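Listed here are the chains, written in short residue letters.
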Amino acid sequence: MSASLDPAVSQRLKRTPDGLVCAVAQQRGTGEVLMVAWMDDEALHRTLTTRRATYYSRSRQQLWVKGETSGHTQYVHEVRLDCDGDTLLLTVDQVGAACHTGDRTCFDATVLLADV
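Criteria and thresholds
Residues numbered from 1 in each chain as written. Predicted model: local features only at pLDDT ≥ 70, side-chain atom pairs only at ≥ 80, totals over all residues. Heavy atoms only, no water. 1 Å grid on protein atoms, 1.4 Å probe; cavity = no way out; pocket = protein on both sides within 12 Å on 5 of 7 lines; lining within 4 Å. Points joined across faces, edges and corners; volume = space filled by probe spheres on them. Helix = DSSP H or I, 4+ residues; strand = E, 2+ residues; numbered from the N terminus. Nonpolar A, V, L, I, M, F, W, Y, C, P; charged D, E, K, R; others polar. Buried < 20%, exposed > 50% of the residue type's maximum accessible area, 1.4 Å probe, protein only. Polar contact = N/O pair within 3.5 Å; in protein donor to acceptor, adjacent residues only side chain to side chain.

### Thoughts on the layout of surface pockets
There is about 520 Å³ of room inside the largest pocket. Around the largest pocket sit 22 residues that line it, and Met35, Arg60, Trp64, Lys66 and His100 are the ones nearest its centre. Per-element tally for the lining of the largest pocket: the top contributor is strand β2 (residues 33-39), with four residues. Among the residues making up the lining of the largest pocket, the classes are represented as 11 nonpolar, seven polar and four charged.

Given below as structure tokens:
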């Protein structure tokens, strides 16, 4: 992309030493937490301009658009920045599984504490 992240947004971000910001994806309407990923400035810019959730893969060291290969896409309705500037909240419509394991969310597998 030729354009870059709005400087007013960029200056509010508190990034990790490697330039990333935590991003939490939440299902629109239900509030279900789907997944946690990372964004760099380019991923956030692409997400804001295309409404397609774009993240930064720390293992592959590259951008990835959610669902580009799996078809399990995230259409982004809203992006919020938390009060500290170190976490983004994406409100999305998830198509298919959000987790790379095939689960609906990345938080389906292990419950550490639950109401009895």
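### Quick word on the environment of Ala114
Tracing the chain through its elements places Ala114 in the segment after β6 (87-94). Note on Ala114: relative accessible area 51%, which makes it exposed. Spatially, the C-alpha atoms of Ala114 and His100 are 24 Å apart, while their sequence positions differ by 14 residues.

### Focus: unusual backbone geometry
The residue Arg51 is not glycine, and still its phi comes out positive at about 65°. The residue Arg51 is located in the loop between α2 (41-50) and β3 (54-57) in this model. According to the relative accessible area criterion, Arg51 is partly exposed, its value standing at 37%. Located in the positive-phi region is Gln61, a residue other than glycine, with phi close to 55°. Within the secondary structure, Gln61 is located in the loop between β3 and β4 (62-65). Using a relative accessible area of 54% as the deciding quantity, one classes Gln61 as exposed.

### Side note on the side chain of His45
Mapping His45 onto the fold places it in helix α2. Take His45: its relative accessible area is 8%, and that puts it in the buried class. Here the side chain of His45 touches Ser4 through a polar contact of 3.4 Å, landing on its backbone oxygen.

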